[in-house]
Amino acid sequence: MGNTPSYVIVFLILGIALLFRLMIAFATPHLNASDELGNLNYQKAVCRGEFPILPEDKGWAGKYNHNQYLHGPVLYLSVYPFCTLQNLGDEGYLKILRYYNVVLGVLTVWVIFLIGRVMFPEKLPIAYTAATFVALLPGVANKHATFNVDTVSYLLLSLTMYFLIKWLVKTTTLSWKHFVGLAVLLSLMLWTKSYGAYL
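Residues numbered from 1 in each chain as written. Predicted model: local features only at pLDDT ≥ 70, side-chain atom pairs only at ≥ 80, totals over all residues. Heavy atoms only, no water.

### Considerations on the pattern of salt bridges
For clarity, the cut-off: Here a salt bridge means any side-chain nitrogen of Lys or Arg lying within 4 Å of a carboxyl oxygen belonging to Asp or Glu. The numbering of helices and of strands both runs from the N terminus, where a helix is a DSSP run of H or I of at least 4 residues and a strand a run of E of at least 2. Using a 1.4 Å probe on the protein chains alone, a residue whose accessible area is under 20% of its type maximum counts as buried, one over 50% counts as exposed, and one in between counts as partly exposed.
Per the counting criterion, the structure on display carries three salt bridges. Salt-bridge contacts for Lys-44 lead to Asp-90; the nearest nitrogen and oxygen are separated by 2.6 Å. Of the two residues, Lys-44 is situated in helix H2 (residues 36–47) and Asp-90 in helix H5 (residues 89–119); the sequence distance between them amounts to 46 residues. Take Lys-44: its relative accessible area is 16%, and that puts it in the buried class. Owing to a relative accessible area of 36%, Asp-90 belongs among the partly exposed residues under this scheme. Its salt-bridge partner being Asp-150, residue Lys-143 comes within 3.2 Å of it at the nearest N-O pair.

Here you go:
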């Protein structure tokens, strides 16, 4: 098999990941996913030009969801272009936001494959297995299929790991560009969810 990946296998894994996440997105009742009500209301606030992310904002947090006001705005700003689709109603708008997260989830599966390929270039079955595991892991797939900040966090964490491992394995001399790129990824992680600090 060598170190040239079979793109048929990669696309099959990504296709399975996409199908699994879409099935969950369709099957999960409206606003029935963890934190989805709070995330949707937060997104609506961002669409109105509000950023209710300060811990002192007890009124907003108590009214919608006590967790969301501690989240950074990365997810909500990334879907800002979809604000014009609010005329679809809450249910239709939430479906669009879920599909957006599904795409991010499939991208995360792809990055996991890339990590395995960099770490074990002569043992591609390990990369295929790792990507398949993430593609089929129910808890991860459920997060990817609903509107929440964890999906963006997983993608940013995976990208950070990929670039760190790639630099350590393939780069002999680190330049300032490497450190700037790492700083950007880490900053986005911290501005998405606080557990990015644990990296």
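### Some words on the nonpolar core
Formally: Residues grouped as a nonpolar core are buried Ala, Val, Leu, Ile, Met, Phe, Trp, Tyr and Cys residues, joined through side-chain atoms within 4.5 Å.
Counting residues in hydrophobic clusters, the biggest one holds 41 residues, and the most contacted among them are Tyr-76, Val-109, Phe-113 and Phe-147. Here this core takes 12 residues from H5, the largest share from any one element. Core analysis: the next-biggest nonpolar cluster, separate from the first, contains five residues, Ile-24, Val-102, Ala-141 and Ala-145 among them.

### Focus on helix H9 (residues 176–190)
Note the following rule: Here, expected helix span is obtained from the residue count minus one, scaled by 1.5 Å. Note: the arc covers the axis-to-C-beta directions of the helix. Any two residues whose heavy atoms approach within 4.5 Å are treated as being in contact.
For H9, spanning 15 residues, the distance from its first C-alpha to its last is 21 Å, which sits close to the expected 21 Å at 1.5 Å a residue. Every buried residue belonging to H9 is among His-178, Leu-182, Leu-185 and Met-189, and all of these are buried. Around the axis of H9, the buried residues are gathered within 65° of arc, so they sit on the same side. Facing away from the buried side of H9 by over 90 degrees, the exposed positions are Trp-176, Lys-177 and Phe-179. Residues of H9 that are buried sit in contact with helix H8 (149–170).

### Some words on the state of the cysteines
The line we're drawing: Note on terminology: disulfide denotes any pair of cysteine sulfur atoms within 2.5 Å.
For the structure on display, the rule yields one disulfide. One disulfide bridge connects Cys-47 with Cys-83, the sulfur atoms lying 1.9 Å from each other. One disulfide, between Cys-47 and Cys-83, carries an S-S torsion of -80° and so falls in the left-handed class. On the criterion of sequence distance, the pair formed by Cys-47 in helix H2 and Cys-83 in the loop between helix H4 (74–78) and H5 is long-range, its members being 36 residues apart. Each of the two residues, Cys-47 as well as Cys-83, counts as buried.

### A few points about the packing of aromatic side chains
Applicable threshold: Pairing of aromatic side chains requires ring centres within 6.5 Å, counting the rings of Phe and Tyr and the six-membered ring of Trp. Pairs whose planes differ by under 30 degrees are stacked, by over 60 edge-to-face, and all others tilted.
Considering all chains together, one arrives at seven aromatic pairs under this definition. For the ring pair Phe-26 and Tyr-99, a centre distance of 5.9 Å and an interplane angle of 55° mean the geometry is tilted. Note that Phe-26 is positioned in helix H1 (residues 7–27) and Tyr-99 in helix H5, a separation of 73 residues in sequence. For Phe-26, a relative accessible area of 60% corresponds to the exposed category. By relative accessible area, Tyr-99 is classed as partly exposed at 28%. Here the aromatic rings of Phe-163 and Trp-167 are separated by 6.0 Å at their centres, their planes lie at 35°, and the arrangement is tilted. Pair noted here: Phe-163 and Trp-167 are both in helix H8, with a separation of four residues, about one helical turn. An aromatic cluster is built from Tyr-42, Tyr-76 and Phe-147, whose rings are joined through pairwise contacts.

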